[in-house]
Amino acid sequence: MAQLLLEIVTPDKLVLSQDVDYVGAPGLLGEFGVMANHIPFLSALGIGSLMYKVGGKANYVFVSGGFAEVSGNKVTILAEVAERPEDIDVERARKAQDRAKQRLDREREKVDFARAQAAMQRAFYRMKVRDTATSTASH
Ligand code: ATP
């Protein structure tokens, strides 16, 4: 029986509001996991895939930047960007990855390295979230 309420919100919309058993999220200082009765907790979010479990099934959402708050069996993800697998445009992510790769490979001196690396990471995790959802659905 799911005991944690997970809410994922971006400046544009409510991406998810669901009772879950477990949340694993990419904190800026590393992954963290939350189950029911967790102590109150606040963390900045990095770029990655947020995992939540419902009835033993793992689900994934791409997140990038923002904050996570745990309080009273509620996990609130205030993300700058959050996308469910079905909302991810894989072709767009692939193009973003190619652009970032080119910048890192050929224009290293001129480029904002951290910015290009972050773009690579966003593209990588978008494709990962999408791939994981697709491969789970076919099983
Ligand atoms: P791009 O270079 O393709 O714009 P980006 O990583 O720079 O990618 P973000 O700044 O992370 O993009 O996001 C800007 C907006 O575009 C957000 O609303 C985000 O949800 C959306 N977005 C970006 N890439 C994708 C994608 N591959 N699929 C779906 N939505 C995307």
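None of these values were measured; they are calculated from a predicted model.

Caption draft 1: Inspection of the pattern of salt bridges at higher detail. Here the structure, examined in full by the defined rule, presents 4 salt bridges. Arginine 84 is paired through a salt bridge with glutamate 86; the nearest N and O atoms lie 3.3 Å apart. Looking at arginine 84, the relative accessible area reads 26%, which means it is partly exposed. A residue is classified by how much of its surface remains accessible, and glutamate 86, at 54% relative accessible area, is exposed. In this structure, arginine 94 engages glutamate 91 in a salt bridge whose closest nitrogen and oxygen atoms are separated by 3.2 Å. Taken together, the residues arginine 94 and glutamate 91, both in helix 1 (residues 90-106) and 3 residues apart, mark about one turn of the helix. Here glutamate 91 falls in the partly exposed class, since its relative accessible area comes to 41%.

Caption draft 2: Highlighting the pairing of strand 3 (residues 22-27). Counting buried residues in strand 3 gives 5 out of 6 residues, a clear majority hidden from the surface. Two strands pair when backbone bridges link them, and strand 3 and strand 6 (residues 47-54) are joined in this way by 3 bridges, in the antiparallel orientation. Looking at strand 6, one finds that glycine 24 is bridged to methionine 51. Sheet topology places strand 3 next to strand 4 (residues 30-34); 5 bridges connect them, and they run antiparallel. Within strand 4, the position partnered with valine 23 by the bridge is valine 34. The turn joining strand 3 and strand 4, which pair antiparallel and follow one another in sequence, is formed by 2 residues.

Caption draft 3: The site of the ligand, seen in detail. The immediate surroundings of the ligand are formed by Val81, Glu83, Asp87, Ile88, Asp89, Arg92, Ala93, Ala96, Arg99, Arg122 and Arg126. The contact in question runs from an oxygen atom of the ligand to an N or O atom on the side chain of arginine 92, over 2.9 Å. Burial of the ligand by the protein chains amounts to 66% of its free accessible area of 580 Å². Of all the secondary-structure elements, those providing two or more residues to the shell around the ligand are strand 8 (74-83), helix 1 and helix 2 (113-137). Looking at which element gives the most residues to the shell around the ligand, the answer is helix 1, with 4 residues. Of the residues that constitute the shell around the ligand, the class distribution is 4 nonpolar, no polar and 7 charged.

Caption draft 4: Molecular detail of the environment of serine 17. Within the secondary structure, serine 17 is located in strand 2 (residues 14-20). Residue serine 17 is classed as partly exposed on the basis of its relative accessible area of 41%. Taking C-alpha positions, serine 17 is 9.8 Å from valine 75, a pair spaced 58 residues apart along the chain. Beyond its immediate stretch of four places on either side in the chain, serine 17 contacts Leu5, Leu6 and Glu7. A polar atom in the side chain of serine 17 sits 3.2 Å from the side chain of glutamate 7.

So, how was this worked out
- Residues numbered from 1 in each chain as written.
- Predicted model: local features only at pLDDT ≥ 70, side-chain atom pairs only at ≥ 80, totals over all residues.
- Heavy atoms only, no water.
- Salt bridge = Lys/Arg side-chain N within 4 Å of Asp/Glu carboxyl O.
- Buried < 20%, exposed > 50% of the residue type's maximum accessible area, 1.4 Å probe, protein only.
- Helix = DSSP H or I, 4+ residues; strand = E, 2+ residues; numbered from the N terminus.
- Pairing = 2+ DSSP bridges.
- Near = heavy atom within 4 Å.
- Polar contact = N/O pair within 3.5 Å; in protein donor to acceptor, adjacent residues only side chain to side chain.
- Areas by Shrake-Rupley, 256 points an atom, 1.4 Å probe, with all protein chains shown as cover.
- Nonpolar A, V, L, I, M, F, W, Y, C, P; charged D, E, K, R; others polar.
- Contact = heavy atoms within 4.5 Å.

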